[in-house]
Structure formats: C-alpha cells, structure tokens
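Residue-level listing of the chains:
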Amino acid sequence: MNDTENIKAKLEAKFDFLKDAVKLQRDRRLWIEVPYAKFAEVFDFAVKQLGFSFLCTITGLDAGADLEYIYHLAQGAGQMLNIKTKAPKDQAIKTITAYFPSGIIYERELVDLLGTKMEGLPAGIRYPLPDDWPDNQYPLRKDWNADVLDRNVGSKMEGENINITVGPTHLKEPSDFSITHKNDVTIPIGPQHPALKEPESFSVALRGEKIVGIQLRLGYNHRGIEKGAEQRSYIQDVYLLERICGICSHAHSTAYVQAVEEIAGLKVPKRAEYIRTVIGELERVHSHLLWLGVAGHEIGFDTLLMYSWRDRESVMDILALITGNRVNYGMNLIGGVRRDITPEEIDQTLKVIDKLEEQTKYYIQLALEEVTLIQRLSGVGTLTTEDVLRLGAVGPTARASSVPRDIRKDDPYAAYGEIPFKVITDDHNDVYGRTIVRMGELMEAYGMVRYALKNLPDGPISVRAPRKIPAGEAVSRYEAPRGEDIHYVKSNGTENPERVKVRAPTLANTQAVSKMLEDRYLADLPIVVAAIDPCFSCTDRAIEIINLDNSEEKIMTWKNLRDYSVDWYKKQGVDFSKMSSRGGSAFGGKRSKFG
Amino acid sequence: MGYALFCILIFPGFLFLSAVSLFAEYFDRKLYARLQNRVGPPWFQPLADFIKLLGKEDVVPEEADRTMFDLSPVFALAAVIVAFFYIPMWGARALYSFSGDLIVVLYLLTIPTLTFFLGGWYSRSLFSTIGAVRSITQLFAYEIPLFVAILAPAMLANTWSLSEVAAYYYAHPFFWPINLIAFGVALVALLGKLERVPFDIPEAETEIVAGSFTEYSGRLLAYFRMAIDIETVVGASLLAAVFLPFGLGLPPPLGFILYLAKIFAIIVALTLFRTVFARLRIDQMVEFCWKWVAPIAFLQILINLVLKVFVIR
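Sequence order as written defines residue numbering, which begins from 1 separately in each chain. In the order they appear in the text, chains get letters beginning with A and ligands get numbers beginning with 1. Confidence filtering applies because this is a predicted model: local features only for residues at pLDDT of at least 70, side-chain atom pairs given and counted only at 80 or more, and all residues used for totals across whole chains, interfaces and linings. Where side-chain values are given, they derive from all heavy atoms of the structure, hydrogens and water being excluded.

Draft legend 1. Main features of the overall build of chain B. The numbering of helices and of strands both runs from the N terminus, where a helix is a DSSP run of H or I of at least 4 residues and a strand a run of E of at least 2. Counting its secondary structure elements, chain B contains 12 helices and zero strands. The N-to-C order of helical and strand elements in chain B reads α-α-α-α-α-α-α-α-α-α-α-α. The buried share of chain B, reckoned over its 313 residues, is 54%. Across chain B, every contact between residues at least 6 apart in sequence was considered, and the portion connecting residues at least 24 apart equals 79%. Only the protein chains shown count as cover for residues, and all accessible areas are computed by the Shrake-Rupley method using a 1.4 Å probe. Carbon and sulfur atoms provide 73% of the accessible area of chain B, an area that totals close to 13,000 Å². Remark: exposure states derive from per-residue accessible area (1.4 Å probe, protein chains only) relative to the maximum for the residue type, with buried under 20%, exposed over 50%, and partly exposed in between. Throughout, a contact is declared for two residues whenever any of their heavy atoms are within 4.5 Å.

And the structure:
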C-alpha cells in the first residue's frame, strides 16, 4: 500500500460517509466530495491529522443553484487531496483563513468572481476586480456576460463631475493599516513606477526610511482569461493560456494540456515529454537570467543587468531556433508537441548551454564575492521556514528557506521522473538565499537539458486528440520558474471546457511579501518584491475583456503591420526599410564575446 | 575688464567649462556602456539632451513653491561655475585667488547639494521629499571626510588658499604622494557629492523615481543636469589641484593636456566605481562613511601633523 492509498484508508476509516467515496484518480491525486455540513470536520482532519499543510488554491464553480468549491490541499511528498463541497448561492460559507492565512486571496477571488458570501473574511482591498465594478455582477457565473455592464462606467476621468453610482460596498478600507504617527507618510509605489515592470500598487507607510505598513493592490492586469477559456475550444485555449504570461508561457500551456490529457486519457509519447522538458528548462534558464538582471537593477547594479540580459539573449535565440518563437513558443498540443528537435538544433543548443554554464559560474562567483551585492542582499526580506509553511510560499522563495518544495521532484510530470537532478535549497532565508537558489537551479537546468537532449527517445511527437473531451476533471501541477503553477480543468463532454482555473506562483508568493518587509527600509522594497520574481500578468487573469472602443474592427496581417510601422516611421523621417534584417542572427552575424 | 569677461565667459570660464563638462558626461556614459558590453551614446548625446530639454515645457507642480523650485537649479549652476575660478588648473595659479579661497570653494561645492534638498523639498512630491531628505542625510556623511581630506594637504602647505597650495607643491615637487590616502577619501566623498553609484541613494530610481528631481522637467531639469556635469569636472579639478599637483611647470599646451589627463583619470575612477558596485542603503552609506572614511581622513591629518612637526621643519 503506497502513501496515497494510506491516506485513502485513513479517510475512509475516520468518516463513514466517505466509505468507498474517496476517488483515487491516479497516484497522488485524491478526490472527495463532502456535504457542506461535514466540510469543517473533514477539512480539520485533513489539515491537522493527515498533514496536508499547504493550500494550493480554492476553485469555485457555478453549478446551477449551488456554488461548488474545491479546496486543493497538498502534502510535502506531492500528495494532493481535493475536497469538494457545495453550498447554495445565497448561503454563506466559512473562511478557512484560520488554517491558512494565505487562503485570504483565494477567498477574495471567490467573493469577487462568483459572489460567494464569505463569513469571517477580514476586511481588505478587493481582489481582483476594479474598484468601480458594479455590485452583484459576478463574471464567472454561467449566466453572466459582459453586456450587462454599462461600458461607460469607469472610463470617466476624475474631476469630470460624473456621479459614479457603482462601487464596492462589501469590502471596506482595511482597518489594520492606518497612519498612527504624525511623522508617517504614505508613498505610492505603483501602479506606474520605475521599479515595477507591470502595474500593481503598493502603498507604503514610512516612518523616516522605515516601512511601518504596506498595502498591496493587485488586479491591474485582468484580461478575462478564465472566462475567455470557457468560451473557446480546448485547442484555442492552449494558445490563450499560453498568453497568460510572457515569461512562463510554456509553464502555463504545459500545465493546461497535461490536465486535458489526463481527462481524455491520452498517452503522450516519450519524445514529446522530453521535448516539453527541454523547453521547460530552457524557459527556466531564460527566466532566472532575467531575474538576475532585474535584481541587479533594483539594487542599482546595472552592470549585472546588462551582462545577464546579454547572456539571456542566447537562450532566447535557442528557444526561437527550436520552437520558432521567442516568447510564446506555441510548442504544446493536446497530446504532444508541435515541432520535433533536429540533430543540428541539438548541437547548437548544447554549444550555447556550455557557454551559459561558464557565464553562470562567473555570476555565482560574483554573488559570493561582491561586497556591495552581499550587503544589499543578505539579511533582507527574511522569511523563516515556519513563515513559508504558514504563508504558503512556493518555488525558489520557499526553497531559499530550506523548504524543499519542488513539483518536479514531488509530483513528477513530463520527463522529470527520468532525468536526474537535485532540488536546490538554501538556508539563508533571505534575498541572498533566493539568489543562490536561482543560480544553483540554472546549473541544474543546464545539466537537465544536456541529459534530455542526449537521451532523447525516438518515436512520434504527438498522438491524436479528440475534439470533444469526455466529461471529467483534473488538476495539473507544474514547477514554473517562479514556483508551483496549478491548472484545474473541468470538462463537460463538449468542445469547450466547463471551467479552467489558474493559480500562478506569484499569487501564492505575494502573501509573503508583507511579512518579508516587516521592519525593513524603503530601499529594500524593490529588491524584496523582485526577489519573489513577481509576475503580475500571471496573477491577474479572469474576467471578460471589455472593449471600450467601438471603432470598426480591422484585421492586420503581420505583413500589413510591418508595412504600417515602416510607413509610420518614414513619415517621421526614419527609414528602416533599407536596413537588412539580420535573419538567423541567432548564430551568424557579429556577436559580442562572452565575458 | 575685457580680458576678465573673456576669462569668465569663454576661456577657461563658462563656455569652455560647459564643453569639457558635456564631454566628461559623454566620456562617462560611453565608458560605462563599453564596460557593460553596450554600444553607448554618440559624442554629441549630452549636448543633444541638453538642447532638447531646454526646448521642453517646464511643468511645475501646483503644490510646489514656485520661487524655490525655479531658483534651485540656477543657484546650483552658478555655485559650481564660481567655484571653478578659484581652482588652479594648469600652472600654479588659479584665475582668481585670495587667502582662504579653499574654504569658499568647499562651501560653494556644498551649495548644489543644498539646492537638491531645497528643490526636492519645495516640489512637495513624496518622492522628491524623501530624495531631498536623503540628500541631506548623505551630505552629513561625506562632507566631513571630504573637508578633512582636503585640509590635510593644505595643512602641510600651511595655507588656506588653493593657489598657494599648488605653489607649495610646485616648490616641493616630491611631497604630493604623502597625501594619497586623503586622495582616496576625497574620491569616495566625491562619489557621494555627485550622488553616483554606490551612493546614488537620493536618486534611487527603483525606490523613489528620481528623488529630488522627480518633479523637474524642461529647462530647469536641464540646468540641474548641467550643474551636475559641471560639478563633476569642478570636483575632479579640485582633487587634481590638491592631490595631484605635479607637472605644474610645464609649458601651456603640455600643462593643459596634463590637466585634462588628470581630471579624466579621476572621472575614469568614478565610472569604474559606478560599474562594479551596487547601490548601498542610506544606513549602510552613513555607517561606512563614519566608521571607515572619516577615521582614515583623520589618519591623514595625523600623518601630516607628525611630518610637519618632526620631519619637514
């Protein structure tokens, strides 16, 4: 009897009504359905007795008269228990923030998107909808569509003297955040600020240089992807979900196709799994090098930014060579991958990997020796092991506090079960530790890419997937560069999914940011925020896109667009058309030397 | 009268100084870029930036104190230009000198920092206010070491006049290496004065946007930037005059080239610091200055005192 069956046995022994009702979908995936009256008891047992110490996320679904909730709980060794429960739409459910403080953001999401009445939810800024969103509009309910919105609301500028009648009434300004001292000031970092690459907003209360309070507002990047996914077919969703994020695009599309493949019972060929792994690791390399540069910039060390981003270009070139795209690789299909890797591509990749390994060794040496770098990074943004477990941090943020939480090891997907690698952890508990972890992961990633390419199995790269996916549901976990990425997919037998839920790693990690900034200085804020490698476009998804512009739609092909831009610049007096496009600049052309 | 005006306005006054300063900015940016494996700007970029900024609209925040906001950049520019006239460049004499001009020059070079504070403070923007307070906090950390470091060679020369300091070392050509420790201290302090990495805390882009300069735009920002460029050259000239007073007797063209070589060598050092360091936090910066830089400056004073009492005389 393995661990999963053990848990199943314990659950069945404890609760009579769960006898033969614990669904063992596959190894490490358990599903139970409990009536809401029994939910608190089962939840308490799972958390306290069975050791499910990590809340992955809460999925909410509109099930006609009821709202259905799925609490995705996880255990250290990759076991996942999904507790389903149902409550009528007007019945309030109890918050679980007493068990998981990190659950607050997932509960706010339920409140905003599905209209859950949440009992005991602490006051705070709403997430993820805008402040002027009308009351009683819950976009993820099945009967909702964007037409009910007055599209002019929210587009008025302040001072135009328009009486905006809608607004959030169910969430008030937080009471735990107030200026108590006469010398305190609150400065706005964001939504637009040079330290931030994406819009989000921190209100930072300062006493002198010291941070005494911080308030985080997310949601500026909401694009309606979850709702959009319900209205598109499975195939279209692969491409839609890939566009959640410009950096971990492969993470999102892989997590999604894995869930769909699990529902459809597709056996993905080995070669495709290896190729997915190679792209995944190359993506990790590009993401971590990008992070290193951003971290350098945040602490005013621009030389590091210039160096690491120069090196990052070579891995981008490799990704473009293999997949045809720099960012949204479009590599995944349901049932496999779209393009094969040729032997020449393997050669090129291995060459670049060798070079990058040299460079990374140099950065590691730099991180170990550079005085100002160490001064700025060590002791900053401390997050102890207990904090990580309590606040549910994931990825390098967790691993830098000695929590070996890595889905690639805990719940292996793609080819990770067959490729040897170490989970890098560190016990510095601070930003410096997170740097060490990411550098270590770069070294591991090079080894994994090398191993995967040298042991690439032969065979087909995809299997045929049906257009209609049979009814079912699955949760897919993926270790994105920033941490655990979770996709939940529910199918209903049609061409479109019933529900797609995404929990990106940043959402889990934002919970830890306030903790990390306790008693720190303003100067530490950029690097501490950057140290979780935040990706707010991942975090902000859901909701229908509202097009305020009613102008005629125009379809522009790539060529049209290019011509348009060339003409536009010609009018400005700049002629780009004579410039030779450095085709295949990946390896030809003049490249600056490494080092 | 005509000659004096020529000296003040054209050579080696305002026009020449501006040209050298803009070139120094280009030199710094280009070198910084090359060290970072970038291409860097063309030679006329600083001038183009300056002209472009002059042509842009001045946006003044409604809340700001208009007088102080407008006057700060002008004061900064004026102070650094005036300071330049009292610094010997080539040869042992400055354009103007009187006994005690060393102190005046040091005070004149403090004025830009004060204007950064006032300009930022009266912008009334939060980022500017924080930047302004940081400028002043930083001033207290580097100013004392800088004063002490520069007084050390003057003490040896027994004078408070920059020209006489230069004359002293001209007469005693092998004495200048004595002050090398103070030279290091002054370089570090100059980094703080010019608010450059690792001491660019008052302008830390990723925290407080542009610090004191956040609300500045157009003409006023152009003046501020010009003042900083000129301050770089004046600061480098001051260090060259006090700490590197060799080759002062060379004939004019050679002496002039040697002077440029000295200030650009100092700018190279400043750029190297900028390339290899990360920005410190304000508390780390203050601690560093008081714990290490100031005691080292006093060490130099001690060495010079001992030399003066027991060896030289």
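Draft legend 2. Molecular detail of the overall build of chain A. Counting its regular elements, chain A contains 18 helices and 15 strands. Summarising the internal contacts of chain A: among those between residues at least 6 apart in sequence, 69% fall at separations of at least 24. Here chain A has roughly 24,700 Å² of accessible surface; of this, 51% comes from carbon and sulfur atoms.

Draft legend 3. Focus on unusual backbone geometry. At the junction of B:Val197 and B:Pro198, the peptide bond is cis and its omega measures out at 5° in the coordinates. Mapped onto the secondary structure, B:Pro198 falls in the loop between helix H8 (180-193) and helix H9 (205-208). A positive phi angle, near 70°, is found at A:Arg28, a position not held by glycine. Locating A:Arg28 in the fold gives a position in the loop between strand E1 (23-26) and strand E2 (29-33). Judged by its relative accessible area of 18%, A:Arg28 is buried. Even without a glycine there, the phi angle at B:Glu195 is positive, about 55°. Tracing the backbone through its elements, the reader meets B:Glu195 in the loop between H8 and H9. Exposure remark for B:Glu195: the relative accessible area of 6% places this residue in the buried category.

Draft legend 4. View of the packing of aromatic side chains. All names here are of chain A. When the centres of two rings from Phe, Tyr and Trp lie within 6.5 Å, Trp using its six-membered ring, the rings pair. Their planes under 30 degrees apart give stacked, over 60 give edge-to-face, and anything left gives tilted. On inspection of all chains with the given rule, the structure shows 31 aromatic pairs over all chains. Aromatic pair Tyr362 and Tyr363: ring centres 5.8 Å apart, planes at 50°, arrangement tilted. Given a relative accessible area of 2%, Tyr363 falls into the buried group. Ring plane angle 70° and centroid distance 6.1 Å describe the contact between Tyr416 and Phe421, whose orientation is recorded as edge-to-face. Ring pairing ties together the aromatic residues Tyr36, Phe39, Phe43, Tyr71, Tyr99 and Phe100, which thus form one cluster. Over the ring of Tyr307 we find Arg310, and its NZ or CZ is 4.8 Å from the ring centre. To sit over a ring, a charge needs its Lys NZ or Arg CZ within 6 Å of the ring centre and within 35 degrees of the ring normal. A cation sits over an aromatic face here: Arg438 above Trp291, 4.4 Å from the ring centre.

Draft legend 5. Main features of the side chain of A:Arg29. Residues and elements named next belong to chain A. In this structure, Arg29 sits in strand E2. Within the structure, the side chain of Arg29 is placed 3.2 Å from the backbone oxygen of Val475, a separation counted as a polar contact. Setting aside anything within four residues of it in sequence, one finds Arg29 in contact with Thr4, Lys23, Leu24, Gly78, Met80, Asn82, Asp411, Val475, Ser476 and Arg477. Pairs of N or O atoms within 3.5 Å make up the polar contacts considered here, provided that, within protein, one atom can donate a hydrogen while the other can accept it, and that residues adjacent in sequence are counted only when both atoms are side-chain atoms.

Draft legend 6. Examining the pattern of salt bridges more closely. Residues and elements named next belong to chain A. Whenever a carboxyl oxygen of Asp or Glu lies within 4 Å of a side-chain nitrogen of Lys or Arg, that contact is scored as a salt bridge. Within this structure, the stated rule accounts for 44 salt bridges over all chains. Put simply, Glu281 and Arg284 hold a salt bridge, and the shortest N to O gap is 3.2 Å. With a gap of three residues between them, Glu281 and Arg284 both fall in helix H7 (residues 270-298), about one helical turn apart. For the pair shown, Glu281 and Arg284 are each scored as buried. Among the ionic pairs, Glu358 bridges to Lys361, the shortest N-O distance being 4.0 Å. Of the two residues, Glu358 and Lys361 are both situated in helix H9 (residues 343-369); the distance of three residues between them amounts to about one turn of the helix.

Draft legend 7. How the structure looks around the nonpolar core. If you look at the biggest cluster of nonpolar residues, it comprises 112 residues, and the most contacted ones within it are A:Val204, A:Tyr256 and A:Leu282. A per-element tally of this core places H7(A) first, with 13 residues. In plain words, nonpolar cores are sets of buried Ala, Val, Leu, Ile, Met, Phe, Trp, Tyr and Cys residues tied together by side-chain atoms within 4.5 Å. Within the second largest apolar cluster, 88 residues are counted, among which are B:Leu139, B:Tyr169, B:Ala182 and B:Phe243.

Draft legend 8. Seen up close, the packing of H7(A) against H9(A). Residues and elements named next belong to chain A. Viewed as axis vectors pointing N to C, H7 and H9 meet at an angle of 30°, and their least axial separation amounts to 13 Å. Of the two elements, H7 crosses H9, and the hand of that crossing is left-handed. Between H7 and H9, the contacting residues are Leu282, Val285, Leu289 and Leu292 on the first element and Thr349, Ile353, Leu356 and Tyr363 on the second. Taken together, the residues of the contact of H7 with H9 sort by class into seven nonpolar, one polar and no charged. With axes taken as lines fitted to C-alpha atoms, and helix axes fitted only over the stretch in contact, angles between N-to-C directions fall between 0 and 180 degrees. Crossings are assigned a handedness: left-handed for a near helix turned anticlockwise from the far helix by less than a right angle, right-handed for a clockwise turn. Here the term charged refers only to Asp, Glu, Lys and Arg, the term nonpolar to Ala, Val, Leu, Ile, Met, Phe, Trp, Tyr, Cys and Pro, and the term polar to all other amino acids, Gly among them.

Draft legend 9. Broad picture of helix H6 (residues 126-157) of chain B. All names here are of chain B. Helices are assigned an expected span. That span is 1.5 Å times one less than the residue count. Spanning 32 residues, H6 covers 46 Å between terminal C-alpha atoms, matching the ideal 46 Å at 1.5 Å per step. To get the bend at a given residue, fit one axis to the seven residues ending there, fit another to the seven starting there, and take the angle between those axes. Of all bends in H6, the biggest is about 30°, found at Tyr142, and the proline Pro145 comes one to four residues later. A large share of H6 lies buried, amounting to 24 of its 32 residues. Its side-chain oxygen at 3.3 Å from the backbone nitrogen of Phe127, Ser125 defines the N-terminal cap of H6. Looking one or two places after H6, you find Asn158, whose phi comes out positive at around 60°.

Draft legend 10. Structural detail: the sheet that holds E2(A). All names here are of chain A. Here, a strand pair is defined by DSSP locating no fewer than two bridges between the strands. The five strands are arranged E1-E2-E5-E4-E3 in an open sheet whose pairing can be described as mixed. Unpaired on one side and paired on the other, E1 and strand E3 (54-63) mark the two borders of the sheet. If you compare each strand with its neighbour and ignore which way they point, the axes differ by 20° on average. Direction of pairing for E3 relative to strand E4 (residues 66-74): antiparallel, over a ladder of nine bridges. Paired with Asp62 across the two strands is Leu67, which belongs to E4. Seen against the sheet, helix H1 (residues 3-14) touches E1, E2 and strand E5 (80-88) and runs at an angle of roughly 20° to E2.

Draft legend 11. Representation of the pairing of E5(A) in the model. All names here are of chain A. A large share of E5 lies buried, amounting to seven of its nine residues. With five bridges joining them, E2 and E5 adopt parallel strand pairing. Bridge pairing in E5 links Glu33 to Lys84. Relative to E5, E4 runs antiparallel, the two being bridged by nine bridges. Looking at E5, one finds that Ala74 is bridged to Met80. Hairpin geometry of E4 and E5 is characterised by an intervening segment of five residues between the two adjacent antiparallel strands and by a positive phi of about 90° at Gly78.

Draft legend 12. Quick peek at the sheet that holds strand E14 (residues 483-491) of chain A. Residue and element names in this part refer to chain A. Read from one edge to the other, the open sheet built from three strands follows the order E13-E14-E15, with strand pairing classed as antiparallel. This sheet does not close on itself; its edge strands, each paired only once, are strand E13 (472-480) and strand E15 (497-503). Geometrically, the sheet is characterised by an average inter-axis angle of 15° between neighbouring strands, direction not taken into account. Note that E14 and E15 share six bridges and pair antiparallel. Residue pairing in the sheet places His487 in a bridge with Val502 of E15. Packed on one face of the sheet, helix H6 (residues 249-264) meets E13, E14 and E15 and runs near 150° to E13.

Draft legend 13. Spatial organisation of the interface of chain A and chain B. Each partner contributes to the interface: chain A provides 35 residues, whereas chain B provides 26 residues. Counting each side, the surface lost to burial between chain A and chain B is near 2,500 Å², with a carbon and sulfur contribution of 57%. Once two parts are brought into contact, the accessible area they lose, counted with a 1.4 Å probe and summed over both, makes up the buried area. Among the residues chain A hides against chain B, the three largest losses belong to A:Glu209, A:Thr372 and A:Arg376. Together they make up 18% of the total. Seen at the junction of chain A and chain B, the total is six residue pairs in polar contact (both at pLDDT 80 or more). Listed by contribution, the elements that provide at least two residues to the side of chain A that touches chain B are strand E8 (184-189), H7, helix H8 (302-323) and helix H10 (371-377) of chain A. The class makeup of the residues in the side of chain A that touches chain B is 17 nonpolar, nine polar and nine charged.

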